[in-house]
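# Chain and residue survey
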Amino acid sequence: MVEEKVMTSEATVSSDKFAGAIALDGTKTIEVQEDKKEKLGFFARKKKEKKKEASQMLEWKKDWWKALLCLAPCLIILGIFTFYPIIKTFIVSFFPSYNYLRDTFGSFGFDSYVKVLTDDVFWRAMFNTVIMVVVSVPLSILIALLITVLLNSIKKLQGVYQVIFFLPYVTNGMAFGLVFSTIFSPMDYGLVNTIINALGGSSVAWTGTAEMIPYWAGIVVITIYAIWNGLAFKILVFLGGLQAIDKQYYQAAQVDATPKGRVFTKITVPLLSPMILYITITSLMGAFKSYSSVVALFGEDMGNAQDETFITAVGYIYKYFNQVTTSSRGATLLSQASAAALILFVFILIITFVQMWANKKKVHY
Amino acid sequence: MEVKLVNLTKVFSKKEGDVVAVDHINIDIPSGKLVGLLGPSGCGKSTTLYMIAGLHRPTEGQIFFGENEVSKYPPEKRGIGLVFQNYALYPHLTVEQNITFPLENQKMKKAEAKAKAYEYAKIVGIEGLLNRKPGQLSGGQQQRVAIARALVKQPDVLLLDEPLSNLDARLRLQTREEIKRIQRETGVTTIFVTHDQEEAMSISDEIVVMNFGVVHQIGIPQEVYNEPVDMFVAKFLGTPPINIFDGIFDGRSTRLYGQTMKLAYDRSKLLESGKTFKGLIPETMKITENGPYEVIVDKVENFTEEIKAEVNTEVAVEEGKEEVVVEEKTPITEDIKKMKLYFHRNGHEEIYSANFPCNDSIKVGDTIHLSFKTEVNVGVRPENIVVDPKGPISVYVDQVEYIGRDKTMIFKFGKEETKTFKAIIPSDLDVHVGDTININFKRFFIFDKEGVRLI
């Protein structure tokens, strides 16, 4: 395994050099492109190259092998760390008795899928995940939109407010978690509990020992965490989009005596729709993949050690994957984890397609 | 609805200092008329329009719609329709939704709004495009949608910001007639802004010529063209632009580049206006018995002026055996007796003063005759230049451009001159490059050096 890794990196380096050499050998245009490439990121560089090659179809036919060589470093890395694991996951999920250590497949079958789909824990994980998606995604987008519009309409100290809202984006996750745990401390001195006590209620165990946390409280904390966590980026994207909208639309609306609410729903939202679609899809995927936030809030067991109250879909996959080396049934668990991953993948795929289709009519580009 | 602008001023405060975009302008726009605000870019015409719309707050002055002062009202309370330069149609709404948008704001019922939208779509001629999105329309169609959207709520005043600038030349001709037709059909008071004089002249009932935030002239287009109040207006209107010749007026006739032009104009008017005093050339001022300017002396001040000069004298110097003539400079001073006269013209208040050589016979209260020369600009529109063998001015033909219906002759005063002028002459007239021909002016204006019209 280690040997393989070293070999890979060597191959990458040598092909990189090779790509450079080709560029030097090549025509002037390629050299110019080399300069440009310096400024772009690694992946953007590759993309640009692809585009350029595509635009020169005639030359492309002659120089396809040059193109391939230029793309090689990227392709090799992607192949080893992305494509190969995806394909392997797909294959392994259909071989219930796949042995991880010996790399033997055994017989083909759908047992892993049956096991996953009949597992109560899997359905709990899916339920939790769907709740997080359904509650946190629309809520966070709506809140981000409102904050953005307010932020944009403020004239004085706009820069200061922008900095305040963007700060979480550059803040360390640990600092973030510490602040959060103080706000939602299960003790009476926690910020939220202080407020509840002041209003005459009794303290709620928001975080801490899993057995003590009521289910709804856990979901509330996760949702608020998810909204807060993603807010800065969403505001950043929306603010960019909002400032690109021609001011004359608003002047025209003003002349036509359009009420503020209608300006928001009939002008701002439709004109921001490409941004909203982008944010919706990315945050949907993000919500489906939520795992680290749950671990951060409720520990590695994702709730109670027996029933994993707050387990998520990705959490479920990791749980089985982690048990591969520790459990006696290790091999079959890897197949099960793979099956669960594929089910989640199909789920996200379907939802994204539905979303794209539904938005086709609504999104104005 | 009559629109009245009183002392309207807009000052933009910037870091580098205040910029006066509109400077105390007064305009009366009669009800139901189409009025064009015309001027070069940066003249304050768009700022004026946006102040009428309420999108800019005036620094000073008032805006009246009829009897109401609307200066303090926000745009939505003024009852205006505004068509933006780039139309500002909502790209995500269909043409119909765009037109009904202002009506829905007024909580009008859907069916009613649709019927109204159709009515106005028909007026502007886009009833077949109601289900399209703005992106699927041509520039001209988009503009009609924008006009329909502005008109549908039946505004008292319709404002158009550079309505034709985003259209190509052919469409522009067509659309400007269309705008005129729509305005006439709806009878709405319309104010539009343009930098294109041809556009403004062709469709406006009245034009307002502006520059540097100041109104130069307001009037019916043909009148403004025929009788510009100053050189700016004369230069701004007309293509090809008016020719401006440097001339010198000596009280009797005007000379152009050394050629005397005896032109049939009422010289007494020019003399009477007194404006010729402004551009006078001091060295040319003389007291003569038959001078054209009659003035009354108010005060005489005698003084002596010391003139220092050097006189060259030839001195014979002995150099060895030969005599050589050497030039030597000798400084001399001479006292010249002079007088400063203060005088005024009969029936005028202004008092002028000038220095003259001493003349004891002139006393306070005397009527004397003066003559002097004044620098003037003579403006002649290209179509008012005629080729006339007996014409007073002889010019050199530099170039001839054929247009079809007529041709443009480019000429200058003498072959070596660099400054060229344009004349539009009939195409059948035989004129060749290199000819020297005589021309005459059918109509011309005389402006002083500051651009103020004299006659």
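The notes below deal with the structure included here. (Residues numbered from 1 in each chain as written. Chains lettered and ligands numbered in written order. Predicted model: local features only at pLDDT ≥ 70, side-chain atom pairs only at ≥ 80, totals over all residues. Heavy atoms only, no water.)

### Some words on a nonpolar patch on the surface
Residue and element names in this part refer to chain A. Stated formally: Residues enter patches when they are more than 30% accessible in relative terms and free of salt bridges; like-charged ones are connected within 9 Å and nonpolar ones (Val, Leu, Ile, Met, Phe, Trp, Tyr) within 5 Å. The Shrake-Rupley method, run with a 1.4 Å probe sphere, supplies the accessible areas, and residue values consider only the shown protein chains as cover. Think of a salt bridge as a Lys or Arg side-chain nitrogen and an Asp or Glu carboxyl oxygen that are within 4 Å of each other. Where helices and strands are cited, they refer to DSSP runs of H or I of at least four residues and of E of at least two residues respectively, numbered from the N terminus. Under the scheme applied here, a residue whose accessible area is under 20% of the maximum for its type counts as buried, over 50% as exposed, and between as partly exposed, the area being computed with a 1.4 Å probe on protein chains only.
A cluster of nonpolar residues, F345, V346, L349, I350, F353 and V354, forms a patch on the protein surface that exposes about 580 Å² of accessible area. The residue L349 is located in helix 15 (residues 330–360) in this model. Residue L349 is classed as partly exposed on the basis of its relative accessible area of 38%.

### Description of the pattern of salt bridges
All names here are of chain B. Tallied over the entire structure, the rule returns 11 salt bridges over all chains. Here E178 and R181 are joined by a salt bridge, their closest N and O atoms 3.2 Å apart. Taken together, the positions of E178 and R181, both in helix 5 (residues 169–186) and three residues apart, correspond to about one turn of that helix. A residue is classified by how much of its surface remains accessible, and E178, at 17% relative accessible area, is buried. A salt bridge links E185 to R181, with the nearest nitrogen and oxygen atoms 2.8 Å apart. Of this pair, E185 and R181 both sit in helix 5, four residues apart, which is roughly one turn of that helix. Look at the salt bridges and you will find they share partners, linking R144, E178, R181 and E185 into a network.

### Side note on the interface of chain B and chain A
Worth spelling out the cut-off: Residue contacts are counted whenever heavy atoms from the two residues lie within 4.5 Å of one another. Values labelled buried area give the accessible surface lost by two parts on being combined, using a 1.4 Å probe and summing over both. Throughout this description, a polar contact denotes any pair of N or O atoms lying within 3.5 Å of each other; where both atoms belong to protein, one of them has to be capable of donating a hydrogen while the other can accept it, and for residues adjacent in sequence the pair is counted only when both atoms sit in side chains.
Every contact between the two is made by 20 residues of chain B and, on the other side, 18 residues of chain A. Taken together, the two surfaces of chain B and chain A that pack against each other cover about 1,800 Å², and 58% of this comes from carbon and sulfur. Considering only the side of chain B, the residues that lose the most area to chain A are Y90(B), H92(B) and N105(B), jointly responsible for 29% of the buried surface there. If you look at where chain B meets chain A, you find two salt bridges. We note a salt bridge from D256(A) to K153(B), for which the minimum N-O separation is 2.8 Å. Inspection of the region where chain B meets chain A yields 10 residue pairs in polar contact (both at pLDDT 80 or more).

### Examining the packing of aromatic side chains
Quick reminder of the rule: Classification of ring pairs rests on two measures: the distance between centres of Phe, Tyr or Trp rings, Trp counted by its six-membered ring, which must be within 6.5 Å, and the angle between planes, read as stacked under 30 degrees, edge-to-face over 60 and tilted in between. Should the NZ of a Lys or the CZ of an Arg lie within 6 Å of a ring centre and within 35 degrees of the ring normal, that charge is described as sitting over the ring.
Counted according to the given criterion, the structure contains 25 aromatic pairs over all chains. Summarising the aromatic geometry, the rings of Y291(A) and Y318(A) are spaced 4.6 Å apart at their centres and angled 40° between planes, so their arrangement reads as tilted. Linking Y291(A) in the loop between helix 12 (260–288) and helix 13 (292–298) with Y318(A) in helix 14 (residues 313–326), this pair joins segments that are 27 residues apart in sequence. Note on F232(B) and F236(B): the rings are 5.6 Å apart at their centroids and 20° apart in plane angle, and the pair reads as stacked. Note that F232(B) and F236(B) are positioned in helix 8 (residues 231–236) at a spacing of four residues, about one turn of the helix. Accessibility assignment for this pair places F232(B) and F236(B) in one class, buried. Connected via pairs of aromatic rings, a cluster forms that spans F90(A), F94(A), F95(A), F108(A), F110(A) and Y113(A). Sitting over the ring of F101(B), R262(A) keeps its end group 4.6 Å from the ring centre. The lysine or arginine in question, R381(B), covers the ring of Y225(B), its NZ or CZ lying 3.8 Å from the ring centre.

### Some thoughts on helix 7 (residues 158–170) of chain A
Where we set the bar: To estimate the expected span of a helix, subtract one from its residue number and multiply by 1.5 Å. What is called the bend at a residue is the angle between a pair of axes, fitted to the seven residues leading up to and ending at it and to the seven starting from it.
Relative to the 18 Å expected for 13 residues at 1.5 Å per residue, helix 7 of chain A spans 19 Å between its end C-alpha atoms, a close match to the ideal helical length. Most pronounced at I164(A), the bend in helix 7 of chain A amounts to some 30°, and the proline P168(A) follows within four residues.

### Some details on the sheet that holds strand 24 (residues 436–441) of chain B
All names here are of chain B. Which entries qualify depends on this criterion: Note on pairing: DSSP must find at least two bridges between two strands before they are called paired. Note on geometry: axes are C-alpha line fits, over the in-contact stretch for helices, and angles between N-to-C directions span 0 to 180 degrees.
The five strands are arranged 20-24-21-22-23 in an open sheet whose pairing can be described as antiparallel. Only two strands of the sheet have a single partner each, and these edge strands are strand 20 (385–387) and strand 23 (421–426). Sheet twist, expressed as the mean angle between neighbouring strand axes with direction ignored, is 50°. Sheet topology places strand 21 (residues 393–402) next to strand 24; four bridges connect them, and they run antiparallel. Its bridge partner being in strand 24, I393 is matched across the sheet by I439.

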